[in-house]
Amino acid sequence: MKNKFTVIIPIAIAITFAAGIFIGNTLKQNSQPGVGGLHIGNTNKISTILHLIDQGYVDSVNVSEIVENTIPELFKNLDPHTSYIPAKNMQEVNEGMQGNFSGIGVQFSIQEDTVRVIDVISGGPSSKVGIMAGDRIVSVNDTVIAGISVNNQRVFELLRGVKGTKVNVGVLRAGYTDLFEFEIIRGDIPLFSVDVTYMIDEITGYIKVNRFAERTFEDFMKGVQKIDRLGGKKIIVDLRGNPGGYLGAVIHMLDEFLEKDELILYTKGVNQPTKTYTASGKNEGIGKELIVLIDEGSASASEIFAGALQDNDRAIIIGRRTFGKGLVQEQIPLSDGSAVRLTVARYYTPSGRCIQKSYDQGIDKYYEDLYDRMHHGEMQKADSIHFADSLRYTTKSGRTVYGGGGITPDIFVPIDTTGYSEYFAKLSQKGIIYQFAYSYTDTHRELLNNFTTAAEFNTYLDENNVLAEMIKYAESKGLPTDKKGLEESRLVINTQLKAYIARNIIGEEGFYPIIKEIDKTLLIAIEASHKNLLVENLNFNQK
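Residues numbered from 1 in each chain as written. Predicted model: local features only at pLDDT ≥ 70, side-chain atom pairs only at ≥ 80, totals over all residues. Heavy atoms only, no water.

### A look at unusual backbone geometry
So, point 1. You will see that Asp 261, though not glycine, has its phi angle at about 75°, which is positive.
So, point 2. Phi is positive for Ser 300, close to 60°, though the residue is something other than glycine.
So, point 3. For Ser 300, the location among the structural elements is in the loop between strand S15 (289-294) and helix H9 (301-311).
So, point 4. With a relative accessible area of 1%, Ser 300 lands in the buried category. (Helix = DSSP H or I, 4+ residues; strand = E, 2+ residues; numbered from the N terminus. Buried < 20%, exposed > 50% of the residue type's maximum accessible area, 1.4 Å probe, protein only.)

This is the structure:
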């Protein structure tokens, strides 16, 4: 299983590093005094050195480029999350946090050097002109993008743009030989931070939150209200792999589940006064039992959410210890359009736990922490986690919890390696399951469009033995069938296959209810929900 961890953990690290939390207000930029001539005035040493290079170096140099390259090196002497955002990257960074961007409104996948439309956003620019799921985008304006080594970034660059601008797209459609040409006017495309809300059973709802952005609170509460309308009494909030985002979003969400004046969190730093956040008493979700799912990819705002509910004895936390990112950044705009995210404080949960893990041994060691946790067995065994007595804290009702970096769950669930075989690994590495799911969807789209629920897809695909077809497809792609490996991984392969096909037609409401059957953490959460662990073990105030 080493290969699996090698793939997953660098991705988790990269995502967690990229998605900082910022407080809404920003610091005022301090003006810098100018430097005249070559004499050393009252400026700081760095300004002086840059001035000397600019005015006296033997060759001509680009001082601006030196500054751009030097700033990240300067920040390496601070914490792992103070960062510099070049002006050219600001739009992309802001889009991710604001929850929208301007584009044509399609979800695509690149397979065999072809850009294939997986889904078209309802009401978006592409849906208005008639682009359909299954279409192949072969050209954008005068650029041919089919049959060449095109990548996601290049497609984004071609399709995204300023709202109101036009883009011409050439499309091939199954059953037609002629090229369809569409003129699309780019528009605002929402980035949804809540993947799905659905009822697991008659009383338990499930909400998957993938980030905390400007729209997250609104989308999350729509999910809570949907579950309430359908008779749900319990909610499983899935924050696994959620790297964080806006503090405001998580504060508003927690405010709905805590009693008036209950502590949500506080922040403090050497140059920042202690700031305390408490619940206002809105309490729209106060009567719902909560279970929160976390893992090593849950960071920042995710840790605030889980920690506040755990310390107030308001939820059962299930999964694995979180990342341990508890530093507060303020984003400070600079005159050239770039920005600095400066760490100004630390987050503390209501019991006084500091969420942030140590970075005293340097940034490189900081990001190797997940590897160390894996090698020490923390991902497999709960008793491999050891904390000093000095890190012991108590919740509102007196339960013991621990600080020292991240949130430790109430119920530990190891990484599930059941059903993983070399055959399954090869299928995954070659992308065969995903590719076949698209191919099968494309071929049977007219029939599959009649299904509206995950249960209908599940039944139909089992009855028609879609797995057997995929195995033949894999053989045609040069992967011979490994009967032993297939038997070991049959459930995982078949479940993933059905979930991908359902997603291609009805989106995440098709994917998540099917993939649930091989999601060990979620299955344990459902079992905990049925046993009423929250009511029995926590100080839950039912209204």
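### Overview of the pattern of salt bridges
So, point 1. Applying the stated criterion across every chain yields a total of 30 salt bridges.
So, point 2. As a salt-bridge pair, Asp 219 and Arg 215 come within 3.5 Å of each other at their nearest N and O atoms.
So, point 3. For Asp 219, a relative accessible area of 10% gives the class buried.
So, point 4. Residues Asp 228 and Lys 288 are paired through a salt bridge, measuring 2.6 Å at the closest nitrogen-oxygen approach. Here the residue Asp 228 occupies a position in helix H7 (residues 216-229), and Lys 288 occupies one in the loop between strand S14 (272-278) and S15, the gap between them amounting to 60 residues. (Salt bridge = Lys/Arg side-chain N within 4 Å of Asp/Glu carboxyl O.)

### Observations concerning the sheet that holds strand S11 (residues 204-209)
So, point 1. Pairing is mixed in the open sheet, where six strands are placed in the order S10-S11-S12-S15-S16-S21. Strands at the two margins of the open sheet, each flanked by one partner only, are strand S10 (194-199) and strand S21 (411-412).
So, point 2. Running at roughly 165° to S11, H7 makes contact with S10, S11 and strand S12 (234-238) of the sheet.
So, point 3. Packing against the sheet, helix H18 (residues 508-515) makes contact with S10 and S11, and its axis sits at approximately 65° to S10. (Pairing = 2+ DSSP bridges. Contact = heavy atoms within 4.5 Å. Axes fitted to C-alpha atoms, helices over the stretch in contact; angles between N-to-C directions.)

### What to know about the nonpolar core
So, point 1. Ile 236, Leu 427, Met 470 and Ile 493 are the most contacted members of the largest nonpolar core, which has 48 residues in total.
So, point 2. Here this core takes nine residues from helix H17 (residues 483-506), the largest share from any one element.
So, point 3. For Ile 493, the residues in contact, after removing those within four places along its chain, are Tyr 423, Phe 424, Leu 427, Ile 433, Leu 467, Met 470 and Leu 486.
So, point 4. Counting residues in each nonpolar core, the second largest holds 41 residues, with Ile 207, Phe 212, Ile 264 and Ala 279 among its members. (Core = buried A, V, L, I, M, F, W, Y, C linked by side-chain atoms within 4.5 Å.)

### Overview of the environment of Arg 314
So, point 1. Here Arg 314 shows up in the loop between H9 and strand S16 (315-319).
So, point 2. Taking the C-alpha atoms as reference, Arg 314 lies 9.9 Å from Glu 259; in sequence the two are 55 residues apart.
So, point 3. Within polar-contact distance, the side chain of Arg 314 engages the backbone oxygen of Gly 285 at 3.1 Å. (Polar contact = N/O pair within 3.5 Å; in protein donor to acceptor, adjacent residues only side chain to side chain.)

### Looking at the packing of helix H2 (residues 45-56) against helix H3 (residues 63-75)
So, point 1. Relative orientation of the contacting elements H2 and H3 amounts to 150°, with a least axis distance of 11 Å. Between H2 and H3, the interaxial angle falls into the category roughly antiparallel. Along this stretch, H2 crosses H3, giving a crossing that reads as right-handed. In contact with Ile 46, Leu 50, Ile 53 and Asp 54 of H2, H3 contributes Val 63, Ile 66, Val 67 and Leu 74. (Parallel < 35°, antiparallel > 145°, perpendicular 65-115°, else oblique. Left-handed = near helix turned anticlockwise from the far one by under 90°.)

### Let's talk about the packing of helix H15 (residues 454-463) against H18
So, point 1. Contact pair H15 / H18: the axes reach a minimum separation of 8 Å and the direction vectors enclose 65°. In this structure, H15 meets H18 at a crossing whose hand is right-handed. Contacts between H15 and H18 involve Ala 454, Phe 457 and Asn 458 on the former and, on the latter, Glu 509, Gly 510, Pro 513 and Ile 514.
So, point 2. Taken together, the residues that form the contact of H15 with H18 break down as four nonpolar, two polar and one charged. (Nonpolar A, V, L, I, M, F, W, Y, C, P; charged D, E, K, R; others polar.)

### Topic: a nonpolar patch on the surface
So, point 1. Taken together, the side chains of Tyr 57, Val 58 and Val 61 define a hydrophobic patch exposed on the protein surface, amounting to about 300 Å² of accessible area.
So, point 2. Structurally, Tyr 57 can be placed in the loop between H2 and H3. (Patch = residues over 30% accessible without salt bridge, like charges linked within 9 Å, V, L, I, M, F, W, Y side chains within 5 Å. Areas by Shrake-Rupley, 256 points an atom, 1.4 Å probe, with all protein chains shown as cover.)

### With respect to the confidence of the model for the protein
So, point 1. When the pLDDT values of the protein are averaged, the result is 86; 89% of them are 70 or greater.
So, point 2. Confidence drops under a pLDDT of 50 for residues 1-38, and excluding neighbours within four residues, the segment shows 75 contacts in the predicted structure.
So, point 3. When the criterion is pLDDT under 50, residues 539-543 qualifies, and its contacts beyond four places in sequence or with other chains add up to 17 contacts. (pLDDT = per-residue confidence, 0-100.)

### Notes on H9
So, point 1. When you tally the buried positions in H9, you get eleven out of eleven residues, the bulk of the element.
So, point 2. Just beyond H9, the residue with positive phi is Asp 313, at close to 55°.

### Quick notes on H7
So, point 1. The end-to-end C-alpha separation of H7 is 20 Å, in line with the 20 Å expected for 14 residues at 1.5 Å each.
So, point 2. Among the residues of H7, Thr 216, Asp 219, Phe 220, Met 221, Gly 223, Val 224 and Ile 227 are the ones counted as buried.
So, point 3. Looking at the buried positions of H7, the neighbouring elements they touch are S10, S11, S12 and helix H8 (247-255).
So, point 4. Just past H7, the residue Gly 231 takes up positive phi, approximately 90°. (Expected span 1.5 Å × (residues − 1).)

### Focus: the side chain of Thr 267
So, point 1. With respect to the secondary-structure elements, Thr 267 resides in strand S13 (residues 263-269).
So, point 2. The buried category is assigned to Thr 267, whose relative accessible area is 7%.
So, point 3. Other than its neighbours up to four places away in sequence, Thr 267 contacts Pro 273, Thr 274, Lys 275, Tyr 277, Val 328, Ala 345, Arg 346 and Tyr 347.

### Points about the pairing of strand S4 (residues 114-120)
So, point 1. Extensive coverage of S4 is indicated by the burial of six of its seven residues.
So, point 2. Here strand S3 (residues 106-111) pairs with S4 via six bridges, running antiparallel. When the sheet's bridge partners are listed, Gln 107 is paired in S4 with Asp 119.
So, point 3. One ladder, built from two bridges, connects S4 with strand S5 (residues 136-140); its direction is antiparallel. Across the sheet, the residue bridging to Val 115 is Ile 137, located in S5.

### Regarding the packing of aromatic side chains
So, point 1. The tally for this structure, following the rule as stated, stands at 18 aromatic pairs.
So, point 2. Measuring from centroid to centroid gives 5.8 Å for Phe 436 and Tyr 440, while their planes differ by 45°, and the two rings are tilted. A residue pair is termed a helical-turn pair when its members lie 3 or 4 positions apart in one helix, as Phe 436 and Tyr 440 do in helix H13 (residues 432-443) at four residues. Each member of the pair, Phe 436 as well as Tyr 440, is classed as buried.
So, point 3. According to the relative accessible area criterion, Phe 436 is buried, its value standing at 5%.
So, point 4. Connected via pairs of aromatic rings, a cluster forms that spans Tyr 198, Tyr 206, Tyr 434, Tyr 500, Phe 511 and Tyr 512.
So, point 5. Its guanidinium or amino end placed over the ring of Phe 156, Arg 160 lies 4.7 Å from that ring's centre, counting from NZ or CZ.
So, point 6. Above the ring of Phe 323, the side-chain terminus of Lys 357 is found at 3.8 Å from the ring centroid. (Phe/Tyr/Trp six-rings, centres within 6.5 Å; stacked < 30°, edge-to-face > 60°. Lys NZ or Arg CZ within 6 Å of the ring centre and 35° of its normal.)

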